[in-house]
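Given next are the chains, with one letter for each unit.
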Amino acid sequence: MFSAMSSTIRATVVQASSVFYDTSATLDKAEIILKDAAELESQLVVFPEAFIGGYPRGYNFADQSPRGKESFRKYQAPAINVPGPEVDRLAAMAAKYKVYLVTGAIEREGYTLYCSVLFFDPEGNYLGKHRKIMPTYSERLVWGFGDCSTTPVYDTPYGKLGSVICWENRMPLLRTSMYAKGIEIYCAPTADSGDTWVSTMTHVAMEGGCYVLSPIQFCRRKDYPSPPEYLYSPSEEFVTSDSDSIIWAGGSVIISPHGEILAGPDYEGQGLFTADLDVRGEIPKPKFKFDVVGHYSRADILNLTVNNRPLVPVTFTSSPCKSKDKDGECKDI
């Protein structure tokens, strides 16, 4: 726990596409972006949902044919293990450019994939992760479900940092649990570039009395492999007629705890959107009128219980020792 907070932090949200099926190339791109953000004197850089590993937009999740199974195998291959060499490389980037780094990643554990967010500090430490607890709609066919053991909020000198992914932000109980943890810099990477997303983020900023940073990918058809390697279902005929067709329009945004848009949204192309966040100077002002888990709560009639234990399918318990070593400790037999 830091005893004192710095005044402001310069934050950047990244609006860029992954290099689909190629994690190494995506990491190369991430380093170029971090260099550009460092030149803006950014101290916090937030990448979109599924930036590492890629978001399978347009993929026919329900295809159980041999072709569909092969497509899933190819999608699983560039997912990353956490911890692992890609995490080490991201940590080194955070240290090199002296930034807090928050990035979406497709995480692989065994043969199950998770849509996760990874956190790094400017010293190059991997802090931890948030696994998406509720994949949306057909995402549930390719991504597993996280639990509340990975809904962290981290103390930094600039404020408390955490993340909620995409339509998790529509889950009022999850938002409330994050507010109760004191989140002040609320990262909301998403795949939603629709017309209502900025309104959703504005509501979260005002409800939580926090800064909201929402990076979104901007992709053209050419940012995904060409057919027949990757079919953009169900409208492949439309999008392949022009490789420059926009299939993911961005809309990244930074919003203040007063509900004011500080940067973005932009729907024109890839880019970086930057704003200065003053947690200590600004957050107390809206909290004076509305503190959703403080003076504006009614714990006597409305309360929330959160299970933050890891939920695992198999638990192994030790059997009694049949043999002990000379110090009286159990030993393998």
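On a predicted model such as this, the values are computed, not experimentally measured, just so you know.

(A) Region of the structure containing the overall build of the chain. For the chain, the count of helices and strands is 8 helices and 14 strands. Its C-alpha radius of gyration of 21 Å places the chain within 12% of the 20 Å reference for a compact globule of 333 residues. Dimensions of the chain along its principal axes, counting C-alpha atoms only, are 75 × 55 × 45 Å. Carbon and sulfur atoms form 53% of the exposed surface of the chain, whose accessible area is close to 16,200 Å².

(B) Up close: the side chain of Asn169. In this fold, Asn169 is placed in the loop between β7 (159-163) and α4 (172-180). Here the side chain of Asn169 touches Val164 through a polar contact of 3.2 Å, landing on its backbone oxygen. Among the polar contacts made by the side chain of Asn169, one reaches the side chain of Tyr186 at a distance of 2.7 Å. Contact partners of Asn169, with chain neighbours within four places excluded, come to Val164, Arg175, Tyr186, Ala188, Trp197, Met201 and Val204.

(C) Expanded view of the pairing of strand β6 (residues 153-156). On β6, burial follows the alternation: Tyr154 and Thr156 on one face are buried, whereas Val153 and Asp155 on the facing-out side are not. Relative to β7, β6 is paired through 4 bridges, and the arrangement is antiparallel. Residue pairing in the sheet places Asp155 in a bridge with Lys160 of β7. Connecting β6 to the next strand, β7, in antiparallel fashion are 2 residues.

(D) Structural context of the packing of aromatic side chains. Per the counting criterion, the structure on display carries 11 aromatic pairs. Measuring from centroid to centroid gives 4.8 Å for Phe20 and Tyr21, while their planes differ by 50°, and the two rings are tilted. Comparing Phe20 with Tyr21, the two get one shared label, buried. Summarising the aromatic geometry, the rings of Tyr100 and Tyr158 are spaced 6.4 Å apart at their centres and angled 90° between planes, so their arrangement reads as edge-to-face. You can see Tyr100 sitting in strand β3 (residues 100-109) and its partner Tyr158 sitting in the loop between β6 and β7, a full 58 residues away along the chain.

(E) Here's a closer look at the layout of surface pockets. Within this model, the largest pocket holds a volume of roughly 310 Å³. Taken together, Leu173, Thr176, Ala180, Val292, Val293, Tyr296, Ser297, Arg298, Ala299, Leu302, Asn303 and Leu304 form the lining of the largest pocket. By residue class, the composition of the lining of the largest pocket is 8 nonpolar, 3 polar and 1 charged.

(F) Up close: a nonpolar patch on the surface. Residues Leu173, Leu304 and Val306 make up a contiguous nonpolar surface patch of roughly 250 Å² in combined accessible area. Position of Val306 among the secondary structure elements: in the segment after α8 (284-289).

(G) Spatial organisation of the nonpolar core. The biggest cluster of nonpolar side chains holds 63 residues, and the ones touching the most others in it are Leu44, Tyr186, Leu213 and Leu277. Broken down by element, this core gets its largest block of residues, 5 residues, from helix α5 (residues 197-208). With residues up to four places along the chain from it excluded, the contact list for Leu44 reads Ile9, Arg10, Ala11, Thr12, Tyr100, Val102, Leu161, Ile185 and Leu213. Of all hydrophobic cores here, the second largest spans 24 residues; its members include Phe51, Ile80, Val82 and Met93.

How each quantity is defined
- Residues numbered from 1 in each chain as written.
- Predicted model: local features only at pLDDT ≥ 70, side-chain atom pairs only at ≥ 80, totals over all residues.
- Heavy atoms only, no water.
- Helix = DSSP H or I, 4+ residues; strand = E, 2+ residues; numbered from the N terminus.
- Rg over C-alpha atoms; globule rule 2.2 N^0.38 Å.
- Areas by Shrake-Rupley, 256 points an atom, 1.4 Å probe, with all protein chains shown as cover.
- Polar contact = N/O pair within 3.5 Å; in protein donor to acceptor, adjacent residues only side chain to side chain.
- Contact = heavy atoms within 4.5 Å.
- Buried < 20%, exposed > 50% of the residue type's maximum accessible area, 1.4 Å probe, protein only.
- Pairing = 2+ DSSP bridges.
- Phe/Tyr/Trp six-rings, centres within 6.5 Å; stacked < 30°, edge-to-face > 60°.
- 1 Å grid on protein atoms, 1.4 Å probe; cavity = no way out; pocket = protein on both sides within 12 Å on 5 of 7 lines; lining within 4 Å.
- Points joined across faces, edges and corners; volume = space filled by probe spheres on them.
- Nonpolar A, V, L, I, M, F, W, Y, C, P; charged D, E, K, R; others polar.
- Patch = residues over 30% accessible without salt bridge, like charges linked within 9 Å, V, L, I, M, F, W, Y side chains within 5 Å.
- Salt bridge = Lys/Arg side-chain N within 4 Å of Asp/Glu carboxyl O.
- Core = buried A, V, L, I, M, F, W, Y, C linked by side-chain atoms within 4.5 Å.

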